[in-house]
Amino acid sequence: MFNKQQLKELKPKLEILNQEREKARYTYLGMLSEYQTLKQDLKQPIVYTKLNPHQHFLFKRIIHGLKIYKQDEIAQMHWDKKRRIIKVWKRGQNVINSLKQYVAWQQVKPLFRIFTKSELGREIYEMPFEYMPDYKNKMTLKELGVNYEDLIVKFIGVGLLPKNYLSLK
């Protein structure tokens, strides 16, 4: 469809567009708010497929809980370890739900800008985000544009994954 010259001209523009999109995404979602005071060069790219087996195991244990283990492994596991895994899994699900609610709220908020001329519309538009733990957001991460890298950053931020998670061997 494109010749080699056209592809050569488009490649740098696509890279710039991807960088701008990635920067706008993290800034818009407020996920890296504590890092935004630092230079952008310090942002470490996270590629989910390049996690080592230990990192992958820790991440999947937060996402899936005891489901990553076989039944005989669960039967042999100490009761306290099972309790800790379930506790971390539930907390991880709450963090994911909170993140999904926040992203959905950020995506819907510009729609309320239309109604800012009325008093009720302005109040809705200016209303701060409030997490509702009893509401389960049923939208998928893909529908919201959230990927595993975002979850890893969020889990590190709330303490579900260790601060040195990206350097674990």
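Preceding this paragraph is the structure being described.
Residues numbered from 1 in each chain as written. Predicted model: local features only at pLDDT ≥ 70, side-chain atom pairs only at ≥ 80, totals over all residues. Heavy atoms only, no water.

## So, the packing of helix 4 (residues 79–112) against helix 7 (residues 148–158)
When two helices pack together, their arrangement is captured by the angle between the axes and the distance separating the axes.
Then, in step 1: Contact geometry of helix 4 with helix 7 gives a least axis separation of 11 Å together with a crossing angle of 120°. The orientation of helix 4 relative to helix 7 falls into the category oblique. Relative to helix 7, the crossing made by helix 4 is right-handed. Side by side, helix 4 and helix 7 meet where Arg-91, Gly-92, Val-95, Ile-96 and Leu-99 of the first sit next to Leu-151, Lys-154, Phe-155 and Val-158 of the second. (Axes fitted to C-alpha atoms, helices over the stretch in contact; angles between N-to-C directions. Helix = DSSP H or I, 4+ residues; strand = E, 2+ residues; numbered from the N terminus. Parallel < 35°, antiparallel > 145°, perpendicular 65-115°, else oblique. Left-handed = near helix turned anticlockwise from the far one by under 90°. Contact = heavy atoms within 4.5 Å.)

## Quick word on the side chain of Lys-100
Then, in step 1: Residue placement: Lys-100 occurs in helix 4.
Then, in step 2: Within the buried set, Lys-100 has no salt-bridge partner at all; the shortest N-O distance to an opposite charge, 7.7 Å, is to Glu-143. (Buried < 20%, exposed > 50% of the residue type's maximum accessible area, 1.4 Å probe, protein only. Lys, Arg positive; Asp, Glu negative; His and termini not counted. Salt bridge = Lys/Arg side-chain N within 4 Å of Asp/Glu carboxyl O.)

## Looking at the layout of surface pockets
Then, in step 1: Taken as a whole, the second largest pocket encloses approximately 310 Å³ of empty space.
Then, in step 2: Along its surface, the second largest pocket is lined by 15 residues, and Trp-105, Pro-128, Phe-129, Glu-130 and Met-132 are the ones closest to its centre.
Then, in step 3: If you tally residues by element for the lining of the second largest pocket, the top one is helix 4, at six residues.
Then, in step 4: Grouping the amino acids of the lining of the second largest pocket by side-chain chemistry returns eleven nonpolar, two polar and two charged. (1 Å grid on protein atoms, 1.4 Å probe; cavity = no way out; pocket = protein on both sides within 12 Å on 5 of 7 lines; lining within 4 Å. Points joined across faces, edges and corners; volume = space filled by probe spheres on them. Nonpolar A, V, L, I, M, F, W, Y, C, P; charged D, E, K, R; others polar.)

## Focus on a nonpolar patch on the surface
Then, in step 1: On the surface, Val-108, Leu-111, Phe-112, Ile-114, Phe-115, Leu-120, Ile-124 and Met-127 cluster together to form a nonpolar patch covering roughly 760 Å² of accessible area.
Then, in step 2: Secondary structure elements with two or more residues in the nonpolar patch: helix 4 and helix 5 (119–126).
Then, in step 3: Examining the composition of the nonpolar patch, we find that three residues originate from one element, helix 4, more than from any other.
Then, in step 4: As for its position among the elements, Ile-124 is in helix 5.
Then, in step 5: The exposure class of Ile-124 is partly exposed, given its relative accessible area of 33%. (Patch = residues over 30% accessible without salt bridge, like charges linked within 9 Å, V, L, I, M, F, W, Y side chains within 5 Å. Areas by Shrake-Rupley, 256 points an atom, 1.4 Å probe, with all protein chains shown as cover.)

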